[in-house]
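# Survey of secondary and tertiary structure
So you can see what is in the structure, the chains are spelled out below.
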Amino acid sequence: MAPPTDSYVLVAGGAGYIGSHTVLELVSAGYKVVVVDNLCNSSEESIIRVRELTNTPDIPLVKLDLRDAAGLDKVFTEYKVKSVIHFAGLKAVGESTKIPLEYYDANVSGAITLLKAMAKHSVPEFVFSSSATVYGDATRFPNMIPIPEECPTGPTSPYGHTKLIIEEILEDTAAADPNLKVAVLRYFNPIGAHPSGRIGEDPRGIPNNLLPYVAQVAVGRRPQLQVFGNDYEGSPDGTPIRDYIHVVDLAQGHLAALAKLDSVKGENGEGFLRAWNLGSGKGSTVLQIISSFEKATGQKIPFEIVGRRKGDVLDLTAKPDRANTELNWKVKLSVEDACRDLWKWTTENPWGYDGKPE
Ligand code: NAD
Ligand code: WQD
């Protein structure tokens, strides 16, 4: 189905890492996009670069906190929106244990305010950035690795709780609103950058995630990587297993979800809701990732093995069959592709979007 030209996709959190890559894919496919972001963890520069890359100078960026109901109402009044993709929120697992109320407020209150504005303006389609973190430790069940969507949930951090609570709010809201259609996308571990090297992940402060840390070691911003534990039983080399997915593949998953929502309708007086895992189905250990990065970039990554990080689990590998068949989506790019693209982004923007701090 061709993208509509008389309506917009509102991308909440569209200036962030996954959001900016998704805006780029949407605009390249012919969608009209309006971005809403308070820029608390991103820079306007990402959208400036998406405008350049797509040769589309008029992608609007509205600087707004999602909890600002009056501001959101204005955006929905100004732009005729058919679909919302909701990336906006706080995402650091460790930080969420220190400031849980900030996480519940930003993530849960933000989603509720957005859903209320959508209901008021009769916006029918909602795509939600959920996370594999909702499964918690799936190895506690026999036969749940790789993880299917039917795996019982059980998040173990305030951040993970916010994602599951929002999923539950969406279930209740879709059950009550026959016009609402919801795609819940559970991402595994997004990595890499756009192959142009113009947009990528730009973490503030010390990176929490593996690949941004590896890239900062390679570019000389940090002396060495700490590998958090090599005593995980069940891993080929003792380090934890994750399902790393190129951010461009992940971004395309959102277009597949929008196409799906266009083709379905609710039944029995209820709206539609379905969850899909977005992962590759292939697990890599931390040491395998280091080796893939070294192979793809020619850079040596010095590392030391230290103790386990609290909250880490042995294996989070997706069973992506449902997305493969129902969304007609699957990953096309490899971990090596992601490492190569991450390296281009890092070498061409060693200090991210805003340059080296004074
Ligand atoms: P990100 O921090 O780069 O992007 C989030 C964006 O939302 C940022 O631009 C930020 O400024 C904006 N934002 C935050 N709170 C806001 C608010 N109250 N109002 C308006 N804007 C706000 O993160 P990302 O990695 O691109 O993740 C996007 C989404 O995907 C998040 O919801 C995250 O929880 C989810 N997710 C991320 C990962 C991952 O590993 N990156 C994995 C699974 C799920
Ligand atoms: C990957 C592996 C670490 C850093 C997180 C969130 C999850 C989702 C994706 C949002 C683990 C190891 C890491 C380092 C290391 N995000 N590691 N040294 O923890 O799988 O998932 O991001 O929803 O919710 O929890 O990703 O990149 O932090 O870690 O050894 O300096 O790398 O122990 O085994 P994680 P990660």
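Now for a quick tour of the structure. (Residues numbered from 1 in each chain as written. Chains lettered and ligands numbered in written order. Predicted model: local features only at pLDDT ≥ 70, side-chain atom pairs only at ≥ 80, totals over all residues. Heavy atoms only, no water.)

### Considering the overall build of the chain
Counting secondary structure elements, the chain contains eleven helices and 14 strands. Along the first, second and third principal axes, the C-alpha set of the chain runs to 55 × 50 × 40 Å. Buried positions account for 53% of the 358 residues belonging to the chain. Here the contacts in the chain between residues at least 6 apart in sequence split such that 80% fall between residues at least 24 apart. Element-wise, carbon and sulfur atoms account for 50% of the exposed surface of the chain, whose accessible area totals about 15,700 Å². For the chain, the distance from the average position of its 37 positive side-chain charges to the average position of its 45 negative side-chain charges is 2 Å. (Helix = DSSP H or I, 4+ residues; strand = E, 2+ residues; numbered from the N terminus. Buried < 20%, exposed > 50% of the residue type's maximum accessible area, 1.4 Å probe, protein only. Contact = heavy atoms within 4.5 Å. Areas by Shrake-Rupley, 256 points an atom, 1.4 Å probe, with all protein chains shown as cover. Lys, Arg positive; Asp, Glu negative; His and termini not counted. Charge placed at Lys NZ, Arg CZ, Asp CG, Glu CD.)

### A closer look at the site of ligand 1
The local shell around ligand 1 holds 27 residues, among which Asp37, Asn41, Ser42, Lys91 and Tyr159 are the closest. One of the side-chain nitrogen or oxygen atoms of Ser42 is found 2.7 Å away from an oxygen atom of ligand 1. Measuring from an oxygen atom of ligand 1, one finds a backbone N or O atom of Phe87 at 2.9 Å. Notes on ligand 1: free accessible area 810 Å², of which the protein chains cover 95%. Elements with a contribution of two residues or more to the shell around ligand 1: helix 1 (17-28), strand 5 (125-131) and helix 6 (158-176). Grouping the constituent residues of the shell around ligand 1 by class yields 13 nonpolar, nine polar and five charged. (Near = heavy atom within 4 Å. Polar contact = N/O pair within 3.5 Å; in protein donor to acceptor, adjacent residues only side chain to side chain. Nonpolar A, V, L, I, M, F, W, Y, C, P; charged D, E, K, R; others polar.)

### Some thoughts on the pairing of strand 11 (residues 272-278)
Most of strand 11 sits inside the fold, with five of its seven residues counted as buried. Note that strand 6 (residues 181-187) and strand 11 share seven bridges and pair parallel. By the bridge assignment for strand 11, Lys181 is matched with Phe272. (Pairing = 2+ DSSP bridges.)

### Side note on the sheet that holds strand 9 (residues 241-242)
Read from one edge of the open sheet, three strands run 12-9-14, paired in mixed fashion. Across the chains shown, the open sheet's two edge strands, defined by having one partner strand only, are strand 12 (284-285) and strand 14 (315-316). Alignment of strand 9 against strand 12, held across two bridges, turns out to be antiparallel. Bridging across to strand 12, Arg242 finds its partner in Ser284.

### Some details on the environment of Ser334
By secondary structure assignment, the location of Ser334 is in the loop between helix 10 (321-326) and helix 11 (335-348). A residue is classified by how much of its surface remains accessible, and Ser334, at 29% relative accessible area, is partly exposed. Along the primary structure Ser334 and Ser235 are separated by 99 residues, whereas in three dimensions their C-alpha atoms are 21 Å apart.

### A short note on the packing of aromatic side chains
What the rule picks out here adds up to four aromatic pairs. Of note, Arg222 hangs over the ring of Tyr213, and the distance from its end group to the ring centre comes to 5.9 Å. (Phe/Tyr/Trp six-rings, centres within 6.5 Å; stacked < 30°, edge-to-face > 60°. Lys NZ or Arg CZ within 6 Å of the ring centre and 35° of its normal.)

### Concerning the nonpolar core
Looking at soluble globular proteins, one finds that nonpolar side chains tend to be buried together. Residues Leu26, Val33, Leu185, Leu211, Leu225 and Phe293 are the most contacted members of the largest nonpolar core, which totals 64 residues. The next biggest cluster of nonpolar side chains, apart from the first, holds 29 residues, and it includes Val36, Leu66, Leu115 and Ile166. (Core = buried A, V, L, I, M, F, W, Y, C linked by side-chain atoms within 4.5 Å.)

### Quick word on the layout of surface pockets
Space inside the second largest pocket adds up to approximately 170 Å³. Tyr244, Ser280, Lys282, Ser334 and Val335 are the residues nearest the centre of the second largest pocket, which is lined by 15 residues in total. Those elements giving two or more residues to the lining of the second largest pocket turn out to be strand 10 (244-246), helix 9 (286-297) and helix 11. Its residues assigned to classes, the lining of the second largest pocket comprises six nonpolar, six polar and three charged. (1 Å grid on protein atoms, 1.4 Å probe; cavity = no way out; pocket = protein on both sides within 12 Å on 5 of 7 lines; lining within 4 Å. Points joined across faces, edges and corners; volume = space filled by probe spheres on them.)

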